[in-house]
Amino acid sequence: MAPLGTGDFGTLSTDYGPAAWVPANSSNYTVSSRESAYPINYIVIHTMQGSYAGSISWFQNAAAGTSAHYLLRSSDGAVTQMVRDKDIAWHAGNWTYNTQSIGIEHEGYVDNASWYTDAMYRSSAALTRFLCDKYGIPKTRTNIIGHNQVPGATHTDPGPNWNWTYYMQLVTGGTTPPPTAWSTIVDNTTAGRFTASANWGTSTYSAQRYGADYRYANPVAASDTAWYKVNIPATATYRVEVWYPAVAGYNTSTPYIVATTSGNQTVSVNQSANGGAWRSLGTFTLAAGDANKVGVSRWTGSTGYVIADAIRVTRV
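All values reported here derive from a predicted model rather than from experimental measurement. Residues take numbers from 1 onward in each chain, read along the sequence in its written order. In keeping with the predicted nature of the model, local features appear solely for residues at pLDDT of at least 70, side-chain atom pairs appear and are counted solely at 80 or more, and the whole-chain, interface and lining totals rest on all residues. Hydrogens and waters are ignored; side-chain quantities use all the structure's heavy atoms.

Let's shift gears to the overall build of the protein chain. A helix here means a DSSP run of H or I that spans at least four residues, while a strand means a run of E at least two residues long, and both kinds are numbered starting from the N terminus. Counting its secondary structure elements, the protein chain contains four helices and 20 strands. Referenced to the eigenvectors of the C-alpha coordinate spread, the extents of the protein chain come out at roughly 70 × 40 × 40 Å. For the exposure calls, accessible area comes from a 1.4 Å probe over protein chains only, and a residue counts as buried if that area is under 20% of its type's maximum, exposed if over 50%, partly exposed in between. Counting over 316 residues, the protein chain shows a buried share of 50%. Within the protein chain, contacts between residues at least 6 apart in sequence are counted, and of these 75% link residues at least 24 apart. Accessible surface, the protein chain as shown: approximately 12800 Å² in total, 49% of it carbon and sulfur. For the protein chain, the distance from the average site of its 19 positive side-chain charges to the average site of its 18 negative ones is 6 Å. Only heavy atoms matter for contacts: two residues are in contact if any of them lie within 4.5 Å across the pair. Calculation of accessible area relied on Shrake-Rupley with a 1.4 Å probe; when residues are assessed, cover is drawn exclusively from the protein chains displayed. Neither His nor the chain ends is counted toward charge; the positive residues are Lys and Arg and the negative residues Asp and Glu. Lysine's charge is taken at NZ, arginine's at CZ, aspartate's at CG and glutamate's at CD.

This is the structure:
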């Protein structure tokens, strides 16, 4: 873990040694005397929907009306504390949960998995583990929850890209993910992992793309599949997810091919809707080994470009 040091803000936290201390504006939280006033029973995980520096600045603004105890930086896992553990941060949108929880904000956006770096996962898990030990909070998903799990929540963070399996494994004391937490992403630009014929063009048109660009092709009565190569660690059940930019006029029945142990299975996806996020094709038994595991076919009766952007495979 790389803590945010005195070169950034100059003062270290007295609650959690690796953290910098930058107090939120006093208008954005409630002074208290936890745990004598209220028990601390929960850790609430958030995604900022913004930058680390921007969130720090916002919590220092009296007009914000919101705050969190700790903030995590994506690039290196640096930690800043802005509300003392004893005080009540306004982060959960539910007063009862605010009084009984510690809120941890993570830099990034719910629809972009690239913000959730391993450095940030490990740093956040170390903080959560420390807080659980300090306040006797069970290290379970009943007590370590997402903002979306707070009763009455209108927020969806940390969102579908947050890897709860890996995070909880880190919180409970391991340093490497167990086999069930294995996951990999292959983008159309991943070196040596994506192949497509010259019929597939390259585009940056949609901001919903994963990474720098994506590939597109006209539908034809032939497969001409764009393939993603994945090194599967063991024959087991895996969840296969796809990322594509949704644009009106893109193909409404794009065939995704999954190479399973029982043969190729095809799942059709409407690429004119629900883009810019991971979408599950389902769970499949995949064989161990390094081979083409997921493809995008051009063979569809629907009109509009078929898109090949990124795929994610996770052992379940």
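And the narrative resumes.
Let us look at the sheet that holds strand 17 (residues 279–286). Here, strands pair whenever DSSP counts at least two bridges between them. With antiparallel pairing, four strands are arranged side by side in an open sheet as 9-20-14-17. Edge positions in the sheet fall to strand 9 (183–187) and strand 17, since each of these pairs with one other strand and no more. Each strand of the sheet is rotated relative to its neighbour by a mean of 20°, with strand direction disregarded. Pairing of strand 14 (residues 236–243) with strand 20 (residues 310–315) involves six bridges; the strand directions are antiparallel. Across the sheet, the residue bridging to Arg239 is Thr314, located in strand 20. Note on definitions: angles span 0 to 180 degrees between N-to-C directions of axes, and those axes are lines fitted to C-alpha atoms, for helices only across the stretch in contact.

Looking now at the packing of helix 3 (residues 118–135) against helix 4 (residues 164–171). The description of two helices packed together rests on the angle between their axes and the distance between the axes. The geometry of helix 3 relative to helix 4 is characterised by a closest axis approach of 8 Å and an angle of 45° between their N-to-C directions. Viewed along their axes, helix 3 and helix 4 adopt a mutual orientation that is oblique. Helix 3 and helix 4 meet at a crossing whose hand is right-handed. Two secondary-structure elements touch here, helix 3 through Asp118, Tyr121, Arg122, Ser124, Ala125, Thr128 and Arg129 and helix 4 through Tyr166, Tyr167, Leu170 and Val171. Of the residues in the contact of helix 3 with helix 4, the class split is six nonpolar, two polar and three charged. Oblique is the label for every angle not falling under 35 degrees (roughly parallel), over 145 degrees (roughly antiparallel), or within 65 to 115 degrees (roughly perpendicular). For any helix crossing, the convention is left-handed if the near helix is rotated counterclockwise from the far helix by under a right angle, and right-handed if that rotation is clockwise. Here the nonpolar group is Ala, Val, Leu, Ile, Met, Phe, Trp, Tyr, Cys and Pro; Asp, Glu, Lys and Arg are the charged ones; every other residue, Gly included, is treated as polar.

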